[in-house]
Structure formats: C-alpha cells, structure tokens
Amino acid sequence: MLRAAPPQTLEKTSPSMLTAKINGMGLLEVPVEASGKSESWVMDTGANTCVITETTARRIGLQLLEGAATTDDISGLPVSFRIGVLPELKIGNTTLHNVELPVTADKNLNFAGTQIQGIIGFPVQSALGSFSVYADGSVGIDSDPPSETTAEMFMEQQTPLVSVKAGGEARLFSLDTGATGSTFSERFYRVIQSKLADQPVKTLPVTGAGGTHSIRGYEMKDLAITIAGEDVLLKSAGVFSEPTGAGIDDVFGNLGQDVLRSFKSYTVDFRGMMFSVEPALR
C-alpha cells in the first residue's frame, strides 16, 4: 500500500515545550497540528505506528490510499485499517512531512466511553529524538532531560524495553505510555509463583483496539520494583498466569502510567537509547 509513498522527513527549529492534557482514560494527549488543523493525540510508546480515527481523517482532509489491511493490536486481536500519508504534521517546533497514518473505525479507539482521535506511535516519536513528560502536564520535545538517573533502553522491533529490577533481579519490561496500568506476564508469574499460591485466581482483561479478552491470573499486592535506580511500590498489579498471545509474553511485563506517574518527570530518549527519571519529592 505504501510502495509508492514518499519517505517521512523532518524539519526541526529548536526544542519545544507543550501543554498536554490527561484524557478520560488517564492517558497523555499532546497538541499537534495536522494539515493546519489543531488536534490532540495520545503519546503512546506501546504503539508500533501512528493511527487515527476515520472521523479525524475526514476532519484533516487525509487522502486514503487504495486497499485495506488487518493487523493485530496489543491484545493480539485483529484490527482492520486503511492508510493515508499526511503531507505535514507539526508537534511543537518540529515539522514532519509524509507521515504514515493508518486509519481505523472510531469504535476501535473508543475505550469505556473515552474517544481517542489519534495516537502518536514509534515512527514519529523516534524521529523527534526524545520527549520528557513532567508532573505538571507539560511535555518537552527533544529537550535536555532533567535527570541523570537513567536506565538503558532497548528495542524489540518497534517497542521500547527497559531494564527493571523485579522479583530479585534485572529483567526486561516493555515501556507503554499508552497503558493506564502495569501488567506482568506469565514469564514473571513463573518467577514469583510461590508468593501467589494462597491468592484467589482472577480473570484479567487484555484490551486493545480490536476489543477485550480475559486471561487467567492473579492480583499481587505491594509489588516493589526498581527502575532507573528509583524504587516504585505498586499497591496492586495484575499478573497473568498463562500466555496472552500478545507481545507482553516475550518480556516480563508492561509498564504503564501507574509507574510513570510516580516520578516528577520521565524522559524517553530514542537517540541515546536511555530512559531517565526525576524522582518525586519525598
């Protein structure tokens, strides 16, 4: 579908600071300008690509290419989409051209009544270089991180991974700013299985654009982890006791906003391949 499309390019004038907002799901939305129209899209490190709704595509006048396709979402369920190439996308002082935008039905980006209009995924985030999120709701684009407290970052295809001390040793977790809560995979369950022996079995939801399905698991109380040298205590964490059929199965878990909001700020740096945090005041 994209065989004849021009490559994405980037213009940058200087680092910028944006005023973001928290939507009804508790996710971070940043202001963007798409073909001259002001939009508010979720910054989602768990998204391998950008995606917008059909309504957004019509609003910004996006021309769709011939053909359609299907992919699996983060939960492993299928999602159908078409695709367009946006001539110009502005985020702060950065302008990107020829941005690939898959377009899906509005209902696929509606979660518990919160309608997401667009998602900024890996191809745009990595082109920006880095972004920092602050507790006051501001987002710095390609600015200097406020802290030197860092963890090495890796990539599994187009998903960022960070090293986290959990269950007694360092393990790889996916980093997902588009997830409200953190979840732990069946691989992690095998590590701490003995601690959950007397806990009741629960069904844990796995939700993505394709829908929701449930997986057997447990709710673990007061789970301590260490990321970028900083300790975080999760009062409640879902632990899957069987594979989900999604990408989380390949790592020990997926870190969401419940972890990220425990810091005064955090920075995702695709250029230096580092994840850094600024501890909250204690």
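Whatever comes next refers back to the structure up there.
Everything numeric in this text was worked out from a predicted model, so none of it was measured.

Draft legend 1. Here's a closer look at unusual backbone geometry. One non-glycine residue, Asn98, lies in positive phi territory at about 60°. Relative to the elements of secondary structure, Asn98 occurs in strand β9 (residues 94-104). Despite not being glycine, Met273 has its phi angle at roughly 55°, a positive value. Its place among the elements puts Met273 in the loop between β23 (263-269) and β24 (274-279). Residue Met273 is classed as partly exposed on the basis of its relative accessible area, which comes to 24%.

Draft legend 2. Examining the layout of surface pockets more closely. Volume-wise, the second largest pocket comes out at about 190 Å³. Around the second largest pocket, the lining comprises 13 residues; the ones closest to its centre are Val133, Tyr134, Ala135, Gln257 and Arg261. Among the elements of the structure, β13 (130-134), α4 (257-260) and β23 are those that each provide at least two residues to the lining of the second largest pocket. Here the lining of the second largest pocket takes 4 residues from β23, the largest share from any one element. For the lining of the second largest pocket, a count of residues per class yields 8 nonpolar, 3 polar and 2 charged.

Calculation rules
- Residues numbered from 1 in each chain as written.
- Predicted model: local features only at pLDDT ≥ 70, side-chain atom pairs only at ≥ 80, totals over all residues.
- Heavy atoms only, no water.
- Helix = DSSP H or I, 4+ residues; strand = E, 2+ residues; numbered from the N terminus.
- Buried < 20%, exposed > 50% of the residue type's maximum accessible area, 1.4 Å probe, protein only.
- 1 Å grid on protein atoms, 1.4 Å probe; cavity = no way out; pocket = protein on both sides within 12 Å on 5 of 7 lines; lining within 4 Å.
- Points joined across faces, edges and corners; volume = space filled by probe spheres on them.
- Nonpolar A, V, L, I, M, F, W, Y, C, P; charged D, E, K, R; others polar.

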